[in-house]
Amino acid sequence: MATVIGPSDGKMGFLGSIGVRFMINGEDAGGDFSLVEHPLSPRALAAPLHRHSREDEYSFVLEGRMGGLLGDEVVEAGPGELVFKPRNQWHTFWNAGDEPCRILEIIAPAGFEHFFEELSELGGGVQADPEKVAALAARYGHELKMETVPELLERFDLRIGEPVESPLSIA
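Residues numbered from 1 in each chain as written. Predicted model: local features only at pLDDT ≥ 70, side-chain atom pairs only at ≥ 80, totals over all residues. Heavy atoms only, no water.

Structural notes on the side chain of E57
Point 1. Positionally, E57 belongs in strand β5 (residues 56–63).
Point 2. Its relative accessible area of 2% is what places E57 among the buried residues.
Point 3. Reaching out from E57, the side chain makes a polar contact with the side chain of H52 at a distance of 3.0 Å.
Point 4. Once you skip the residues sitting within four places of it in the chain, E57 turns out to touch H50, H52, V83, F84, K85, H91, E105, I106 and I107. (Helix = DSSP H or I, 4+ residues; strand = E, 2+ residues; numbered from the N terminus. Buried < 20%, exposed > 50% of the residue type's maximum accessible area, 1.4 Å probe, protein only. Polar contact = N/O pair within 3.5 Å; in protein donor to acceptor, adjacent residues only side chain to side chain. Contact = heavy atoms within 4.5 Å.)

A short note on the pairing of strand β6 (residues 66–70)
Point 1. Judged by how many residues are buried, β6 sits mostly within the fold: five of five residues are covered.
Point 2. Here β6 shows a buried face lined by M66, G68 and L70 and a second buried face lined by G67 and L69.
Point 3. Direction of pairing for β6 relative to strand β7 (residues 73–77): antiparallel, over a ladder of five bridges. Residue pairing in the sheet places G68 in a bridge with V75 of β7.
Point 4. The turn linking β6 back onto β7 is made up of two residues, and G71 within it adopts a positive phi angle of 65°.
Point 5. Note: β6 against strand β9 (residues 91–95), five bridges, orientation antiparallel. When the sheet's bridge partners are listed, M66 is paired in β9 with N95. (Pairing = 2+ DSSP bridges.)

Quick look at the structure:
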């Protein structure tokens, strides 16, 4: 059965510094992948340096500029460009500009979208109890280096913990 997901469809959440809009969950895709949208406010850091042991991520930039640190390599991508973040590679990403940024995130195989749901329910990574975030991450085979946040903020002139501007400003 065909499904059309409109610009205001899908449950929204807040992960502590960036938004998440759930578009296709793994159950609907046979477990092969999930699709979320991440709106990022200007200069917003998405997450501390982290790595996934179970899934690869593909970030397709819809608008704005996405910066990323993949291993030791700094990358930047704009609308129409795709950034591949393979499993087991330390990485993070952010809005590299002074305008809102939106990316589509394909996660393969599926399952990690539930981490986002649970993190949002905890109030996001900035507000949640660090022990609960660590336990949640461990359940999903996700390693976080929380101590990298201050350096990332300074190195790339970023912010964290600010509300996402117009999370559904999709034209």
